[in-house]
Amino acid sequence: MLKAGACLTLAPLAFGQDNPASQRPKVDDLLVRASGNDPSPLKPSDVPPGAKQLFVWAMDSETKTIRNRTRLNRILLVRLDPAILGAATAGRAAEGIVGYSAVCPHNGCEVNEWIPEEHALFCGCHASKFQPADGGKVLDGPAPNVLPALPLKIAGGLLTVAGPFTARITFEQGD
């Protein structure tokens, strides 16, 4: 009985991994807006400098499958002045555009605000603040880890995934 219960509990997780829409972003995936119904791949000009973050999903460049079946795939983009990027961050950026997980490593809330005067990302749930120019490091708040970064490149004039997230997307359970 316990084995049957475990199988029923774990089965959706196993099947979800086979679904291309649940798989993590892959190299050469294109980026599309998370809001609206327009699956058009984004160009660098779609992410204006100094604007608030833009939420996106990765889309398989061949099958056009949008990887939106898990919120752990939600990506935030922000365009910064390339001159202020740390060396590691600059190596993962495309024309000053950086990509990070939109999931806060504290309790899994969405990193949903941009503080332009500080060039910082902010999670309104518990006030964690992150520095996107310096690898998503924690500036303030209870978040225990940096935001996982998603390396980007430009291919054919479009924003494209250049590599996997730099860290596993996890968060603490609790208040």
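Everything below is about the structure shown above.
The following refers to the structure shown. (Residues numbered from 1 in each chain as written. Predicted model: local features only at pLDDT ≥ 70, side-chain atom pairs only at ≥ 80, totals over all residues. Heavy atoms only, no water.)

1. A look at the nonpolar core
Here is step 1 of the chain: Formed by 25 residues in total, the largest nonpolar core has its most connected members in Leu 76, Leu 80, Val 98, Tyr 100, Val 111, Leu 121 and Phe 130.
Here is step 2 of the chain: Those elements that provide at least two residues to this core are strand E1 (30-33), strand E2 (54-59), strand E3 (75-79), strand E4 (97-101) and strand E6 (120-123).
Here is step 3 of the chain: Per-element tally for this core: the top contributor is E2, with three residues.
Here is step 4 of the chain: Formed by 18 residues, the second largest nonpolar core is a distinct cluster that contains Leu 77, Ile 97, Val 103 and Val 161. (Core = buried A, V, L, I, M, F, W, Y, C linked by side-chain atoms within 4.5 Å. Buried < 20%, exposed > 50% of the residue type's maximum accessible area, 1.4 Å probe, protein only. Helix = DSSP H or I, 4+ residues; strand = E, 2+ residues; numbered from the N terminus.)

2. Section: the environment of Val 78
Here is step 1 of the chain: The residue Val 78 is located in strand E3 in this model.
Here is step 2 of the chain: Spatially, the C-alpha atoms of Val 78 and Pro 132 are 8.0 Å apart, while their sequence positions differ by 54 residues.
Here is step 3 of the chain: With residues up to four places along the chain from it excluded, the contact list for Val 78 reads Val 47, Ala 51, Gly 96, Ile 97, Val 98, Trp 114 and Pro 132. (Contact = heavy atoms within 4.5 Å.)

3. Topic: the sheet that holds strand E8 (residues 137-140)
Here is step 1 of the chain: Spatially, four strands are ordered E5-E6-E7-E8 in an open sheet, and the strand pairing comes out antiparallel. Two strands bound the open sheet, and with one partner strand each, they are strand E5 (113-115) and E8. Looking at each pair of strands side by side, their axes are set apart by 35° on average, direction ignored.
Here is step 2 of the chain: Note that E6 and strand E7 (residues 128-131) share three bridges and pair antiparallel. When the bridges of E7 are listed, Cys 123 appears paired with Ser 128. (Pairing = 2+ DSSP bridges. Axes fitted to C-alpha atoms, helices over the stretch in contact; angles between N-to-C directions.)

4. Quick look at the state of the cysteines
What is meant by a disulfide is a covalent connection between two cysteines, made through their sulfur atoms.
Here is step 1 of the chain: All told, the structure shown has one disulfide when counted by the stated rule.
Here is step 2 of the chain: Through a disulfide, Cys 109 is tied to Cys 125; the S-S separation comes to 2.2 Å. Classification of the bridge connecting Cys 109 and Cys 125 rests on its S-S torsion, roughly -105°, and on that basis the disulfide is left-handed. Linking Cys 109 in the loop between E4 and E5 with Cys 125 in the loop between E6 and E7, this pair joins segments that are 16 residues apart in sequence.
Here is step 3 of the chain: Look at Cys 109 and you get buried, because its relative accessible area is 18%.
Here is step 4 of the chain: There is no disulfide at Cys 104, and the cysteine sulfur nearest it, in Cys 123, is 3.9 Å away.
Here is step 5 of the chain: Owing to a relative accessible area of 2%, Cys 123 belongs among the buried residues under this scheme. (Disulfide = S-S within 2.5 Å.)

5. Some remarks on unusual backbone geometry
Here is step 1 of the chain: Although it is not a glycine, His 119 adopts a positive phi angle of roughly 50°.
Here is step 2 of the chain: Examined against the element boundaries, His 119 turns out to sit in the loop between E5 and E6.
Here is step 3 of the chain: Of note in the backbone geometry, Ala 127 takes a positive phi value of approximately 65° without being a glycine.

Coordinates in, geometry out; function isn't part of it.
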